[in-house]
Amino acid sequence: MNERLIIDLLAKSLYEVLNHKVSIDVAFKRACKGKCASSLNEREELYNLVRNFISDYFKIICVIGKNKRVSLKELARRWIKGLNNIPDTIPCRLSYSEWFYEKIINLLGFHEGVKLLSALNERKWWLRINTLITSEEKVLRMLDEEGVEYDIDKDYPFMVKIRSSPKPVRLLKPVKEFKAIPQDKASVMVVDVLKPEPGDVIADLASAPGLKTSLIMMLTENRSKIVAIDVSLKRLKIMRVLLKRLGVNLSNVSLVLADSRDIRVRGINKALLDAPCSNSGAIDKDPGIKIHINQGKIDYYSRLQKELLENALRLDAEEVVYATCSLMPEEGEEVISYIAQKFEFKLVKEIKWLSNGYKLVGFYDKLMRAFPHIHDTEAFFIAKIVKKS
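Residues numbered from 1 in each chain as written. Predicted model: local features only at pLDDT ≥ 70, side-chain atom pairs only at ≥ 80, totals over all residues. Heavy atoms only, no water.

Asks: I tried to follow the overall build of the protein chain on my own but got confused; where do I start?
Replies: Helices and strands together make up the secondary structure of the protein chain, namely 17 helices and twelve strands. Against the compact-globule benchmark of 21 Å for 389 residues, the protein chain has a radius of gyration of 21 Å, which places it among compact chains. Oriented by its inertia axes, the alpha-carbon framework of the protein chain measures out at about 65 × 50 × 40 Å. Here the protein chain, with 389 residues, has 55% of them falling under the buried criterion. (Helix = DSSP H or I, 4+ residues; strand = E, 2+ residues; numbered from the N terminus. Rg over C-alpha atoms; globule rule 2.2 N^0.38 Å. Buried < 20%, exposed > 50% of the residue type's maximum accessible area, 1.4 Å probe, protein only.)

Pasting the structure below:
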């Protein structure tokens, strides 16, 4: 692809992220329209180019000048030719808005904050070996045969951290055969905190796309029952197909189209609320989040999470795990603080080696946070709530 077409692809992708607030994956598909690459390798190279361009958006703005109006194509052209004279400030060098930078520094302090922001710029790849349909040994052998360099996780032996791969992770044979699933380790921690056991009846209150539902079934060898709830019929249909391919016994999973803010579910003993959020903890996966995250979005999801968790605690479940892929206390500590005014419960720090919550609440040491610069994962907030009888 010549430079003019590459600049056009970059500009169109950025337009989608800026104006339609979509993920990089969606932006690239819309800009490419299946016609921008003649091979899978070329497509992957172009995708990574778009990803890096979007990630460098604020760095480009720093070089050009915040008040200077230029076209998106000019932004792409300047980036392609190389950025010179980048202002020597951390938001510019690491490519974040000043608002987001200051928010993180206020939460973590300068040194920890800079480490976190740097780590968020580095893509991490984790694979979960799907022991419902294969063994760990077989998948590791398949990865070896494809020339993948990886580390077996010390906490979860069915998890592997990909160091390098000769092809895109999604195109690896065990991934294409659903024997291994791209899933971040922090996402696995959320289910670990729930401690699912055979015989449990669990409500997954925001279940699509189904990775945590499938992990629960894997850990219980298909011997738990799950009520999987989501507000989107389309996502539930996709989830059903995925669960079947992953070897989940669908007779033990009830897929329910409903809003978990007001649903009533009886006969459950545990509930999982991996709540919709701003996704600030997943910037490594989608750098477009840097661009469209703002305080209004954070406040919206904070209100939604309060409503979801409030209803979750009205269900029969004795234990509720509430989690968000967010760095923001509005989507974590502040939600628990709000809920604590309405319900009596105790908090359990199930995974001792995770970081504590932010010291904005008195019970911060009973909360759990995963950070990319400490745990080599996406950033997650996790709380285990046990009702008082």
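Asks: Whenever I open this one, the state of the cysteines confuses me. Can you help?
Replies: The term disulfide refers to a covalent linkage connecting the sulfur atoms of a pair of cysteines. Applying the stated rule across the entire model yields two disulfides. Through a disulfide, C32 is tied to C36; the S-S separation comes to 1.9 Å. Taking the sign of the torsion about the S-S bond as the criterion, the disulfide between C32 and C36, at about -90 degrees, is left-handed. Residue C36 is classed as buried on the basis of its relative accessible area, which comes to 10%. Each sulfur of the disulfide joining C62 and C92 lies 2.1 Å from the other. Looking down the S-S bond of the C62 and C92 bridge, the torsion is -85 degrees, so its handedness is left-handed. Of this pair, C62 sits in helix α4 (residues 57-64) while C92 sits in helix α6 (residues 90-94), and the two are 30 residues apart along the sequence. Assigned by exposure class, C62 and C92 land together as buried. Note on C277: no disulfide assigned, nearest cysteine sulfur contributed by C325 at a separation of 5.5 Å. Classification of C277 by relative accessible area gives buried; the value is 9%. (Disulfide = S-S within 2.5 Å.)

Asks: Sorry, what's going on with helix α2 (residues 24-32) here?
Replies: Along an α-helix, residues three or four positions apart point the same way, because every turn accommodates 3.6 residues. Buried residues of α2: I24, A27, F28, A31 and C32, and no others. Seen along its axis, α2 keeps its buried residues to an arc of 115 degrees; they face one direction. Following α2 by one or two positions, K33 adopts a phi angle in the positive range, close to 55 degrees. (Arc of directions from axis to C-beta.)

Asks: Would you explain the layout of surface pockets in this entry?
Replies: The gaps left among the atoms become clear once a water-sized probe is rolled over them. The volume enclosed by the second largest pocket comes to roughly 330 Å³. Forming the boundary of the second largest pocket are 17 residues, of which Y57, F58, I61, G65 and K66 lie nearest the centre. At four residues, the largest contribution of residues to the lining of the second largest pocket is made by α4. (1 Å grid on protein atoms, 1.4 Å probe; cavity = no way out; pocket = protein on both sides within 12 Å on 5 of 7 lines; lining within 4 Å. Points joined across faces, edges and corners; volume = space filled by probe spheres on them.)

Asks: Mind showing me how you'd approach the sheet that holds strand β3 (residues 159-164) here?
Replies: The strands making up a sheet associate through backbone hydrogen bonding, with each pair oriented either parallel or antiparallel. As summarised here, the arrangement of the four strands in space is β2-β3-β1-β4, forming an open sheet in which the pairing is antiparallel. Sheet topology places β2 (149-152) and β4 (180-182) at the edges, where each strand pairs with a single neighbour. The mean inter-strand angle of the sheet, taken between neighbouring strand axes irrespective of direction, is 35 degrees. As paired strands, β2 and β3 are joined by four bridges and run antiparallel to one another. Across the sheet, residue I152 finds its bridge partner in β3, namely V160. (Pairing = 2+ DSSP bridges. Axes fitted to C-alpha atoms, helices over the stretch in contact; angles between N-to-C directions.)

Asks: Help me understand the pairing of strand β9 (residues 319-324), please; the structure alone is not making it clear to me.
Replies: Look at any regular strand and the pattern is simple: side chains alternate between the two faces of the sheet. With five of six residues buried, β9 is to be regarded as a mostly interior element. Summarising the sheet, strand β8 (residues 270-274) and β9 pair through five bridges and their orientation is parallel. By the bridge assignment, K270 is partnered in β9 with E319. Where β9 and strand β12 (residues 380-387) come together, six bridges link them in antiparallel fashion. Residue T324 lies in a different strand from β12, and its bridge partner there is F381.

Asks: What exactly am I supposed to notice about the environment of R170 here?
Replies: Structurally, R170 is set in the loop between β3 and α10 (173-176). Note on R170: relative accessible area 39%, which makes it partly exposed. With eleven residues separating them in the primary sequence, R170 and I181 have C-alpha atoms 8.8 Å apart. Setting aside its immediate chain neighbours within four residues, R170 contacts R43, E44, V175 and K176. Side chain to side chain, R170 and E44 meet in a polar contact 2.8 Å long. (Contact = heavy atoms within 4.5 Å. Polar contact = N/O pair within 3.5 Å; in protein donor to acceptor, adjacent residues only side chain to side chain.)

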